[in-house]
Amino acid sequence: NAGVTQTPKFQVLKTGQSMTLQCAQDMNHNSMYWYRQDPGMGLRLIYYSASEGTTDKGEVPNGYNVSRLNKREFSLRLESAAPSQTAVYFCASAGRVAGSEIQYFGPGTRLLVL
Amino acid sequence: EDKVVQSPLSLVVHEGDTVTLNCSYEVTNFRSLLWYKQEKKAPTFLFMLTSSGIEKKSGRLSSILDKKELFSILNITATQTGDSAVYLCAEGGGSNYKLTFGKGTLLTVNP
């Protein structure tokens, strides 16, 4: 039981390049999330998917797209990377407990855009 | 807009000290309050507090929720260097169960 996995662990891009961050979970969760973390800014929600086939914008969606490929996988795409997108990206999936949800995080992808 | 504020932003203590971390929230529709620990990697879940579970304890860590005053505290007794981390508080009342995170408290425990 791996929980939430993310690839790659680290990536360097040049401005304007594109890439896709992959996320998969094996906990049979319906909800999945993408966050970015910048120093001193905490975790900010980029996009989320409440169930297979649905996606919605979070707090900072500009410059990103997502795909909920199936129940297990939720990918994040940067079409044209910018230095402002340098951050650590976390994927999470959530299980329902006592009328609320607990999110479990993947190990993160450290992205540097030059 | 839902808001979660943590204090202090950073804290330095010596091994063996007791620390209290604070989290206040302003939300339109409270559902739960969660605490996470983040070392140099992903946040890991510690506790979830709800209207039906306002006090949680695990070893040296404990947490309480005050729904009337809209805050929660995380207590760590007999701190160890391994407790050094950023502690994140999050409120889970957003639409579709989204979490709103505070900026975190950086705890440093010196030997």
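The structure under discussion appears in the preceding block.
As a starting point, this report considers the structure included with it. All values derive from a computational prediction rather than experimental measurement.

Looking at the sheet that holds strand E8 (residues 74-78) of chain A
Residue and element names in this part refer to chain A.
- Read from one edge of the open sheet, four strands run E1-E3-E8-E7, paired in antiparallel fashion. Of all strands in the sheet, those with a lone pairing partner are strand E1 (4-7) and strand E7 (64-68), marking the two edges. Across this sheet, the average inter-strand angle for adjacent strands is 20°, counted without regard to direction.
- Sheet analysis places strand E3 (residues 19-25) next to E8, joined by three bridges and oriented antiparallel.

What about the pairing of E3(A)?
Residues and elements named next belong to chain A.
- Burial within E3 is extensive, with five of its seven residues counted as buried.
- Of the strand pairs in this sheet, E1 and E3 are connected by four bridges, and their pairing is antiparallel. Paired with Val-4 across the strands is Gln-25, a residue of E3.

Structural notes on the interface of chain A and chain B
- Residue-level contacts link 23 residues of chain A with 20 residues of chain B.
- Buried surface at the junction of chain A and chain B, summed over both partners, amounts to about 1,700 Å²; 62% is from carbon and sulfur atoms.
- Where chain A meets chain B, there are zero salt bridges.
- Across the contact surface, chain A and chain B share three residue pairs in polar contact (both at pLDDT 80 or more).
- Mapped by element, the contributors of at least two residues to the side of chain A that touches chain B are strand E4 (31-38), strand E5 (42-49), strand E9 (87-97) and strand E10 (100-105) of chain A.

Points about the pattern of salt bridges
- All chains considered together, the criterion is met by six salt bridges over all chains.
- Note that A:Glu101 is salt-bridged to A:Arg96, the shortest N-O span being 3.4 Å.
- Note that B:Asp83 and B:Arg60 form a salt bridge whose closest N and O atoms lie 2.8 Å from each other. In this pair, B:Asp83 sits in the loop between strand E8 (71-76) and strand E9 (85-91) while B:Arg60 sits in the loop between strand E6 (55-58) and strand E7 (61-66), placing the two residues 23 residues apart along the sequence.
- The class for B:Arg60 is partly exposed, based on a relative accessible area of 24%.
- Through salt bridges with shared partners, one network takes in A:Arg36, A:Asp38 and A:Arg44.

Conventions adopted
Residues numbered from 1 in each chain as written. Chains lettered and ligands numbered in written order. Predicted model: local features only at pLDDT ≥ 70, side-chain atom pairs only at ≥ 80, totals over all residues. Heavy atoms only, no water. Pairing = 2+ DSSP bridges. Helix = DSSP H or I, 4+ residues; strand = E, 2+ residues; numbered from the N terminus. Axes fitted to C-alpha atoms, helices over the stretch in contact; angles between N-to-C directions. Buried < 20%, exposed > 50% of the residue type's maximum accessible area, 1.4 Å probe, protein only. Contact = heavy atoms within 4.5 Å. Buried area = accessible area lost by both parts, 1.4 Å probe. Salt bridge = Lys/Arg side-chain N within 4 Å of Asp/Glu carboxyl O. Polar contact = N/O pair within 3.5 Å; in protein donor to acceptor, adjacent residues only side chain to side chain.

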